[in-house]
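# Secondary and tertiary structure notes
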Amino acid sequence: MILSSQRLAYRIARREALRYKGRSALSIILLGLPLLAVAIGASAYDTMTLSKEETAEQYLGSADAFIEPAVPGVPIEQMNWDSQWITFDVPSDTRFEDSAGRDLADAEILAALPPGSSIAPYSLQSEGTTLQVENGGGLAQIQGYGYRLDDGLYEDAGLEYLEGSAPGAGEAVVNEAAAELLGIGVGDDLVLDEGAGELQVSGIVELPWNLNGPFAIAESFPADALGWLVDAPAPLTKEQALTLNGLGLTVWAGSLLNEPPSPAYLESSDVVDEAELMIYGLIVVVVMMEVILLAGPAFAISARRRTREFALMSANGATPGQIRAVVLAGGVLFGAIAAAAAIAIGVGLIAAGLPWLEQVMGYRSAGLRVLPSLQASLVGAAIATGLLSALAAAVSASRVNVIAALTGRVPRRHGSKRWLAIGVAMVAAGIASAVVGALFVSLPLMAAAIVLAQFGLVACTPALLAAAARIGRRLPLAPRLALREAGRNRGSAAPAIAAVLGVVAGGMAFSMMATAESVRSEQSQEQILPQGTMTLTFMGTSDDGATDWDAAVAEVEPQLRSRLGDVIITPVPEYAGWDGCGTVVDTTKEDVDCQWSPVRPEEHRCPYWEADTSTDAAERAAVDAARRDPRCDELLSESWVYADQIVGTTDPAVVAAYTDLEGAELDRAIEVLESGGLLVADEWALTDAGTVVLQQYLTVWDANGGSTESQAATLELPAMAVEKGQLGLDQMLVSPEAAEAMGFVRSQGQQQFLVTPESEPEAADLEALTTDVDREVLGGEAWAIFTVVDYSDPFLRYLVMAVTGLCALVALGATAVSTGLIVAEQRRDMATLGAVGAAPGLRRRFAMWQTLVIAVLGTVLGVIAAFIGYAVLREALNRPLQFQYPFETLYGWELPWASFAVVLMAVPLVAAVGAVVFTKATLPSERRIT
């Protein structure tokens, strides 16, 4: 009996789906949009994820191994064998001075390999020798590799000729990226800059692991390979690899991929970051909430549309349980169809876009794969989501008033203050759960905070709709009708608003997180010059340091003026302690660097440095105390101060550029510098007398590395404090007299200039200069580099844009589909209005205002939920950063205002315009039942 009843329920659900194809399609779209995103992501991930065997095949092909010098001539212990990213250790009793740094001859390497082996220089990274080549009217950079391609080992390693053949004398091959960048093909000339010669292109090649990096290969290029490909008579054994380790070489071989790593490597790789797991868990919760809220309106609105049908079923003897089974069967059916469609479309899109995906990722895939385990889970999740989304509608349908429904006058439920109270209580409980979860670092409590807050806002939606309906009494006819219908049909409008809420809450929470990460990344960087400052740097190549910087500027200046117009080029004098500030060393094998660091007076030192930090509890207490002490403002990024290449000048233009000072403050700074003083970015380093005490440090470099020790020498100079965060990690700008007192010497190997145009340049001109002015000057005596200071992270900026765009797109789709279902439900009311003389455009205006009600309320509530969700995510992100000193830069409340504008303004407006355009103005009259 039960099985028969279920078959009947599914037959009815199938019949209704076919009967109302448009409404069913809209419901499936609402349910399937998130599933489609997951299907695309799963297929793309599985397709582009290579196993260790596939990675070795892609990089090595049929070559037996790749070997790379780690510490040439020094025996090493290789800790892992399954990747090109190899970790190694050096025994503690190793003596470096006898063998470290020596070159390994090919004969020495071949002697450690089986007889009959061969090697060829090769690099597994895209960096080679940087070449300046002509690109139409300008210059471009590509990488050059000095390989002899007549050696078949390169083709064994995966080098493929797409066109042409191997290069001979005076020839080169390029890859597709270089050919496209330079606009050349087989038979054309590859013209090197500065008269370095021309090479004819004999072929177009491809390395499957490097699709995007432009490169050329010619025997005449420098042979600066990182390692060697190995071709052996038989696969390498572990013993042979250990022999190579004895020469200081790491080994990556296809035959050794399954060799177990060392215990130390396992211990380091098995450490699980609990904070990272918590963040991932919270992200999963946010996404699941978005899926559930997005799918809800489809079933709620469909159930209301079928009220008369359910009443007929009940009048003919159907039990409430059977009616619930019919609605739930629709949820299962729609979930299964949505999952099947999402998987089919997602896999199809990845299959069609595989070449584009490979180009974006920069390497070839191993073929289309779909991650079947996750796709199967997706089907189960879709069916479960369909059931959960249909559950409320099923319960509501089983309680239908038969007489009222058959007469066409389904009673409207009055708003219940109980649901408003429940919603407010859930939001309050969510906030409390977030606070307690952050206090005890509990993932369940933090996840509960997100769930309770969003469901609480959903529960408050009917009360908000009722309040909006009362406001509508004072509005014109179309908005008044829209608000009144939204208030009367809260069972339809509230789920639609919840769908938009879920999408916006998830998307904006991620946008806020990415924006905070971008700001945090920028604040953590060394801030030397203000954002957007243009600099021209020359690095000398001669050993005597006698480079004519004025002549170098004269050579580059016309190129700058061609793009920027009139410019002011200001030299920036720099000083360094590379000669040890006059320190004399005992042997010629040693080198000494000298640094000076500001020392805070005792009363200005942070008490953390004297606190007990022997236990975790004591450490946290010390950090908490430090956060309350204004003297404790030291940041982790500033904790290692190495005064190298310090600016030394009294030029007001340079001082203003580095400190942002102006007016009286700039005059005071120049006065301090002209008196032989310096500027510091630490106000607590100043003494009461307006001076700063500098401590000398010496770093002694020898064959075993370098060691830094503080010295007895100190120096007290007049000083002025500038804003914290200025002047980079050195935190100082000195006068020439102060640099002389510190024993620093004027840097001879490089010279920097500030470039100040008279008018604001175009972004295209700056980009062109950044590319073109990266070249040799003075016939190779120096290298010129033009840069624009930019502390922002382009990836994070584009990520925020992508997340916002996706959020807006899905929110638009949810609004449009939900509004379409609601308007379809009110078709008879609109037909009646037309029959009694309402203007044809009223239905369009009604749909527009109905869309605005859903979009505005949904986006506003979604933004509120996003704030709560981000607050929880922010606490989880900051938790591992809070209890350390010097302080890490924490995630803040920097908001993506552009994203908010798109979601709060653009989405409702675009949705409203779409409603006006796609809604029919007139409907045929039809007989009402009443």
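See the structure printed just above.
If you're wondering where the values come from, they're calculated on a predicted model, not measured in any experiment.

## With respect to the overall build of the protein
- Summing up its helical and strand segments, the protein has 28 helices and 26 strands in all.
- Expressed as a percentage of its 930 residues, the buried residues of the protein come to 48%.
- Look at the contacts in the protein between residues 6 or more apart in sequence, and 81% of them connect residues 24 or more apart.
- Approximately 43500 Å² of the protein is accessible, and the part contributed by carbon and sulfur atoms is 58%.

## Looking at the sheet that holds strand β13 (residues 249-253)
- Sheet architecture is open: 4 strands sit in the order β4-β12-β1-β13, paired in antiparallel fashion. The strands lining the two open edges of the sheet, one partner per strand, are β4 (118-122) and β13. The sheet shows a mean angle of 25 degrees between the axes of neighbouring strands, direction not considered.
- Two elements, strand β1 (residues 65-69) and β13, share 5 bridges in a ladder whose sense is antiparallel. Residue pairing in the sheet places P69 in a bridge with L249 of β13.
- Contacting β1 and β13, helix α7 (residues 238-245) runs over the sheet at an angle of about 150 degrees to β13.

## Observations concerning unusual backbone geometry
- The backbone of L371 shows a phi angle near 50 degrees, a positive value even though the residue is not glycine.
- For L371, the position within the fold is in the loop between α12 (354-361) and α13 (372-398).
- Of note in the backbone geometry, D660 takes a positive phi value of approximately 65 degrees without being a glycine.
- Here D660 shows up in the loop between α21 (652-659) and α22 (663-674).

## Brief notes about a nonpolar patch on the surface
- Where nonpolar side chains cluster on the molecular surface, the patch consists of I431, V435, V436, L439, F440 and L445 and spans about 560 Å² of accessible area.
- At 5 residues, the largest contribution of residues to the nonpolar patch is made by helix α15 (residues 417-440).
- Judged by its relative accessible area of 35%, V436 is partly exposed.

## Some remarks on the state of the cysteines
- Scanning the entire structure with this criterion turns up 1 disulfide.
- What pairs with C606 in a disulfide is C632, and their sulfur atoms sit 1.9 Å apart. Classification of the bridge connecting C606 and C632 rests on its S-S torsion, roughly 95 degrees, and on that basis the disulfide is right-handed. Of the two residues, C606 sits in the loop between β17 (591-599) and α20 (616-627) while C632 sits in the loop between α20 and β18 (646-647), which places them 26 residues apart along the sequence. Per residue, the accessibility class of C606 equals that of C632, and both read buried.

## Comments concerning helix α19 (residues 549-564)
- An ideal rise of 1.5 Å per residue puts 22 Å on 16 residues; α19 measures up with 21 Å between its terminal C-alpha atoms.
- Along α19, the helix axis deviates most sharply at V556, where the bend reaches about 35 degrees; the proline P558 sits within four residues downstream.
- By the burial criterion, the buried members of α19 are W549, A552, V553, V556, L560 and L564.
- Tucked inside the fold, the buried residues of α19 contact β14 (534-540), β15 (567-572), β24 (750-757), α24 (763-772), β25 (774-777) and β26 (782-788).

Thresholds applied
- Residues numbered from 1 in each chain as written.
- Predicted model: local features only at pLDDT ≥ 70, side-chain atom pairs only at ≥ 80, totals over all residues.
- Heavy atoms only, no water.
- Helix = DSSP H or I, 4+ residues; strand = E, 2+ residues; numbered from the N terminus.
- Buried < 20%, exposed > 50% of the residue type's maximum accessible area, 1.4 Å probe, protein only.
- Contact = heavy atoms within 4.5 Å.
- Areas by Shrake-Rupley, 256 points an atom, 1.4 Å probe, with all protein chains shown as cover.
- Pairing = 2+ DSSP bridges.
- Axes fitted to C-alpha atoms, helices over the stretch in contact; angles between N-to-C directions.
- Patch = residues over 30% accessible without salt bridge, like charges linked within 9 Å, V, L, I, M, F, W, Y side chains within 5 Å.
- Salt bridge = Lys/Arg side-chain N within 4 Å of Asp/Glu carboxyl O.
- Disulfide = S-S within 2.5 Å.
- Expected span 1.5 Å × (residues − 1).
- Bend = angle between axes of the 7 residues up to and from the residue.

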